[in-house]
Amino acid sequence: MPAQTSKRVRNTQLRRHFLIGNEAHVLPHPSFPSPPPDGHTKGWKVYVRPLPNGPDMTTWLKKVQFKLHHTYTDASRMIEAPGPFEVTETGYGEFGVEIRLYFAPESGEKAVYREHYLVLAPYGSDEQKARQSRENAVVAERLETIEFNEPTLDFFRAMTGEEQFTWLKVVKKGKGKGKKAEMVFGSEVEPTAQLPERPVGGLEGGGGGLGAGGAWSRVYERQVVAQLAQSGASLEQALEHEKREMDSRRKKMEELGLAIATK
Amino acid sequence: MTSKTEAPQPRRWKKSQFRVHSRPTHWSAEDTPIPARHDQLQARRWRRATQGPNDVAPPDAKFAKYNVETEVPTYDAEAYEQHLTHADWTKEDTDHLFATYRDCNGKWPVVADHYASDRQRSMEELKARFYGISATLLSLRTPITSMTGTEFDLYNALEKFEPAKEAARKRLAEGHMQRRQDEVDEETVLLSELQRIMLHQATLDSEREDLRRRLDHPQANSNSYPYATSQSLTQLWQQLLAADRLKKNQRLRPTGNSAYDFGGTPTSARPHNSNAGLPDAGSRRTTLPSATTPQSALPVDLSKAELSRYGVVVGQDKLPSGVTFASDRLSKPRVAKSTLQTDKIAAILTHAGVPDLVPLPTPAVIESFEALMGKVHTLLDLRKFAEKEEQELRVRLAEAS
C-alpha cells in the first residue's frame, strides 16, 4: 500500500498572499555602509514577505534563492527559513532578480521561479515621484497569490494550523501577582490569510505599491476593480464604434453592388 | 456668622466686602461690526477705553470659532454643461439647491423646507441630486485611481446613495413610530416566540450535528485495518504475488482467476509516489457513497470562517496540478502567439487605460480583468474583419469606376 502521506486533498486549493518587491534609497543612507563602493549610487533591498498581519510564510516556504546580476560577487544568494527572505545590496543599475521559491518538503512541490525587476528610480505620477524623492525611499512591490492545488494531506494540516499565526503574537504582561504573562495578537484585527479590510497599521497609502492607493487592502481591491470597470466601459465604446463602422460599410457595399449590377 | 442655638439676628451688611477697590475707568460706546453677519450690521458695544491686564476678550473673538461655513462643492457653467446636466433638473434649480444648502448649513430637513421651486421635490430627490454632483466633482478633481482610501470611501458613499431605498426606510421608520399599543404587544410576543425557537434550534442543530458526526466517522484516515474492501484485498494479493515472483523459491500459487491475479498492471511496477494513492481513494469513495459527504473530504474539520482564515478554497473543479500563481492570470492573456498580435493587445489595453502591471491578483480583480480581455478579443476580431471588408470595398470601388 502506498504511504498515506502522499495522499492529496482533492478539489481543494490553498491560497496565500505574499509580497515580492524591493525598496531603494539614494546613497548615502544610514542603513548602508559609507562610503559606498566605487560608482554605487543606490542602496536597495529585495525581499519576499508575508502580508502584515497574515499567516507565517515559513509554513510553506523553506528557502528562497535570489539570483542577482552576474556582476555581483556570489550572485546567487540562498536564504533559508526562518528568514527574513531578503537581500540587501548597493548598486547603480536596475535588473531583473530571479527569485526561486523552495517549498516545504511535505508539500511535494518543485521549486518555482518568479522574477522581480528592481526599481531604483522614483516612478508613478509626479506627486508620487516627488514624495518618493523627498522621503528618499522608493518601494516597488506587488502582491502575489500562490495557489497550492490539491495539496497533500500533511501539507494541508500544516497550512490549517493555528501555529501559523503565533509569530504575530506579542507578550502581554499579566497584571498583579500570580497572573501569567499571556500571548496575544499585537494587532486589533484577528490575523487571517485574506486581504485585510483596511490597510493594517494605519498606513494610508504608505505601503507604496505600484498603484496609487498603495496599501494592500479590500479598499484598494475595490479601487482597482472600479478602475478596470472604467476601462471596460471605454472598450465598450470602442466596440460600439466598430459596429457602427461595420454597418456603414455594409450599406456602402450594397450600394456599390447595385451600381455594378446596373452597369 | 450665626449659630443655630441663638435667635436669628438681622443680617448686617459688611461694608468692607462690597467696596470697589479699583478706580473708576473710562468706558466708551463703539460701533463694532459683527463678523458672522454678511449685512453691514453694526452693534454698539461698551468697551473700556484703556485695556486692563485681565480684560476679557471681545465677544466676537471669543465666538469666532463657531463661524463655520459648510463645505459646498462648486462648479462653473462649463463643468455643468459637460458633466452635470440632468433631464429632471435645470441649471437654475441646481444653483438654487446649492445656494439653499449653503444657507441652511447643510441641514437637510431645513434645506428641504426652504427649497422653493415650481416643481415639488422631496428631500430624497434633493439629496440624490446633491450627492450625485458632489461625487462627479470629486472624481473630476482626483481620478478614481489616485484617490486615497478616505477619499475613495467618501466617493463610494456618495455614489451609492439610493433615493428610493432611503425614502422606503423613512416610511418604514415612520410607520414603526406610529404603531398602536396592541401591535407593539403582538410584536413582542412574536419576537419572544422566535427567540424561543431560535434557542431551541441551536440545541437541535448541535444534536443533529453530533448524530451526523457519529454516523460519519472518518473512513479514510484513521483506518487501522486498511484491507477492508475486496478491492484492496485483491490489490494486496497482487502485491504479495508480484513480490513472490521475484524470489527464487516461490511460495504463493496464483489463484487461477485472472481478475485477481492480473488486475491491470502489476502493483510492484506501479510507482510508489503520490499518484498511487489516488485511484485507491477514488475506489474507496465509490464503494461507500452514503458515508462520505463533501465536508468529510477534508482531513480537518473546518468551519466556513476558518476556511477563509486559512485561505482554503473547496469545491474547485479541474484544478491544474502543482503550484500556480494568480498573477499569471493577469499577465499571460496579454501575450498572444505572434508578436504583432501581442502588440495590438497591448495598444488596446493602453488606450483603455489598463496599467501594464495590475498589482493585486485577487479573484475579483481577475474576474473583471478576464471580462476585459474578452472585450479586447472581440474588438480585435471586429478590427480584423473591418480590414478585410475595407479591402473588398476598395476592389469593388475600382470595379465600379
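Values in this document were obtained by computation on a predicted structure and should not be read as measured data. (Residues numbered from 1 in each chain as written. Chains lettered and ligands numbered in written order. Predicted model: local features only at pLDDT ≥ 70, side-chain atom pairs only at ≥ 80, totals over all residues. Heavy atoms only, no water.)

So, the overall build of chain B
Here is step 1 of the chain: Scanning chain B from terminus to terminus reveals 15 helices and four strands.
Here is step 2 of the chain: The buried share among the 401 residues of chain B stands at 25%.
Here is step 3 of the chain: Sequence-distant contacts in chain B: of pairs separated by 6 or more residues, those separated by 24 or more amount to 47%.
Here is step 4 of the chain: Total accessible area computed for chain B in this model is approximately 29,300 Å², and 56% of it derives from carbon and sulfur atoms. (Helix = DSSP H or I, 4+ residues; strand = E, 2+ residues; numbered from the N terminus. Buried < 20%, exposed > 50% of the residue type's maximum accessible area, 1.4 Å probe, protein only. Contact = heavy atoms within 4.5 Å. Areas by Shrake-Rupley, 256 points an atom, 1.4 Å probe, with all protein chains shown as cover.)

What about the interface of chain B and chain A?
Here is step 1 of the chain: Between chain B and chain A, the contact holds 82 residues from the first and 81 residues from the second.
Here is step 2 of the chain: For the pair chain B and chain A, the summed buried area comes to about 7,200 Å², and 62% of that belongs to carbon and sulfur atoms.
Here is step 3 of the chain: It is Arg-309, Tyr-310 and Phe-325 of chain B in chain B that bury the most area against chain A; as a group they hold 11% of the surface buried on that side.
Here is step 4 of the chain: Across the chain B-chain A interface, the total number found is seven salt bridges.
Here is step 5 of the chain: For the side of chain B that touches chain A, the leading source of residues is helix H15 (residues 363-400) of chain B, giving 22 residues.
Here is step 6 of the chain: Partitioning the side of chain B that touches chain A into residue classes produces 44 nonpolar, 25 polar and 13 charged.
Here is step 7 of the chain: Sheet topology note: the strand S1 (residues 12-26) of chain A/strand S3 (residues 312-314) of chain B ladder contains three bridges and is antiparallel. Its bridge partner being in S3 of chain B, Gln-13 of chain A is matched across the sheet by Val-313 of chain B. (Buried area = accessible area lost by both parts, 1.4 Å probe. Salt bridge = Lys/Arg side-chain N within 4 Å of Asp/Glu carboxyl O. Nonpolar A, V, L, I, M, F, W, Y, C, P; charged D, E, K, R; others polar. Pairing = 2+ DSSP bridges.)

Focus: the side chain of His-40 of chain A
Residue and element names in this part refer to chain A.
Here is step 1 of the chain: Mapped onto the elements, His-40 comes out in the loop between S1 and strand S2 (42-50).
Here is step 2 of the chain: Looking at His-40, its side chain comes within polar contact range of the side chain of Thr-90, at 2.8 Å.
Here is step 3 of the chain: Residues in contact with His-40, not counting those within four places in the same chain, are Leu-27, Thr-90, Gly-91 and Tyr-92. (Polar contact = N/O pair within 3.5 Å; in protein donor to acceptor, adjacent residues only side chain to side chain.)

Some remarks on the sheet that holds strand S4 (residues 76-80) of chain A
Residue and element names in this part refer to chain A.
Here is step 1 of the chain: The four strands are arranged S4-S3-S6-S7 in an open sheet whose pairing can be described as antiparallel. The open sheet terminates on both sides in strands that have one partner only, identified here as S4 and strand S7 (112-117). Averaged over all adjacent pairs, the angle separating strand axes in this sheet is 20 degrees, with direction ignored.
Here is step 2 of the chain: As paired elements, strand S3 (residues 61-67) and strand S6 (residues 96-103) share six bridges and run antiparallel to each other. Its bridge partner lying in S6, Leu-61 is registered against Phe-103. (Axes fitted to C-alpha atoms, helices over the stretch in contact; angles between N-to-C directions.)

As for the nonpolar core
Here is step 1 of the chain: Val-48, Trp-60 and Phe-66 of chain A are the most contacted members of the largest nonpolar core, which totals 44 residues.
Here is step 2 of the chain: Only S1, S2, S3, strand S5 (85-91), S6, strand S8 (138-149) and helix H2 (153-159) of chain A together with strand S4 (323-325) of chain B provide two or more residues apiece to this core.
Here is step 3 of the chain: Those residues within four positions of Val-48 of chain A in sequence are excluded, and the remaining contacts are Phe-18, Leu-19, Ile-20, Met-57, Leu-61, Val-64, Phe-66, Phe-85, Ile-99 and Leu-101 of chain A.
Here is step 4 of the chain: Among the nonpolar cores identified, the runner-up in size contains 30 residues, and Ala-238 of chain A together with Met-373, Leu-379 and Leu-380 of chain B belong to it. (Core = buried A, V, L, I, M, F, W, Y, C linked by side-chain atoms within 4.5 Å.)

Focus: the confidence of the model for chain B
Residues and elements named next belong to chain B.
Here is step 1 of the chain: Mean pLDDT over chain B: 76, with 77% of residues reaching 70 or higher.
Here is step 2 of the chain: Ranking the elements of chain B by mean pLDDT puts helix H11 (residues 274-287) last with 41 and helix H7 (residues 163-177) first with 91.
Here is step 3 of the chain: Taken as a whole, residues 264-296 scores under 50 in pLDDT and shows 31 contacts with residues more than four places along the chain or in a different chain.
Here is step 4 of the chain: Interface confidence in the predicted complex, given as ipTM, is 0.75; pTM for the same model is 0.50. (pLDDT = per-residue confidence, 0-100.)

Looking at the pairing of S1 of chain A
Successive residues of a regular strand alternate their side chains across the two faces of the sheet.
Residues and elements named next belong to chain A.
Here is step 1 of the chain: Most of S1 is tucked away, with 13 of its 15 residues classed as buried.
Here is step 2 of the chain: Where S1 lies against S2, nine bridges are found, and the strand directions are antiparallel. Its bridge partner lying in S2, His-25 is registered against Gly-43.

What about the packing of helix H3 (residues 218-262) of chain A against helix H6 (residues 149-159) of chain B?
Here is step 1 of the chain: One way to put it is that H3 of chain A packs onto H6 of chain B with a least axis distance of 10 Å and a crossing angle of 60 degrees. Viewed along their axes, H3 of chain A and H6 of chain B form a crossing whose handedness is left-handed. Contacts from Val-219, Arg-222 and Gln-223 of chain A in H3 of chain A reach Gly-149, Phe-152, Asp-153 and Asn-156 of chain B in H6 of chain B.
Here is step 2 of the chain: Within the contact of H3 of chain A with H6 of chain B, the residues separate by chemical class into two nonpolar, three polar and two charged. (Left-handed = near helix turned anticlockwise from the far one by under 90°.)

What to know about the environment of Leu-393 of chain B
Here is step 1 of the chain: Inspection of the secondary structure puts Leu-393 of chain B in helix H15.
Here is step 2 of the chain: Exposure remark for Leu-393 of chain B: the relative accessible area of 8% places this residue in the buried category.

Observations concerning the pattern of salt bridges
Side chains carrying opposite charge are able to pair once their charged atoms draw close together.
Here is step 1 of the chain: Taken as a whole, this structure holds 26 salt bridges over all chains when the rule is applied.
Here is step 2 of the chain: Its salt-bridge partner being Glu-23 of chain A, residue Arg-49 of chain A comes within 3.9 Å of it at the nearest N-O pair. Pair noted here: Arg-49 of chain A is in strand S2 and Glu-23 of chain A is in strand S1, with a separation of 26 residues, a long-range link.
Here is step 3 of the chain: In this structure Arg-49 of chain A comes out as partly exposed when scored by relative accessible area, which is 28%.
Here is step 4 of the chain: When the shortest N-O distance is used, the salt bridge between Arg-196 of chain B and Glu-193 of chain B registers 3.5 Å. Note that Arg-196 of chain B and Glu-193 of chain B are positioned in helix H8 (residues 181-215) at a spacing of three residues, about one turn of the helix.
Here is step 5 of the chain: For Glu-193 of chain B, a relative accessible area of 38% corresponds to the partly exposed category.

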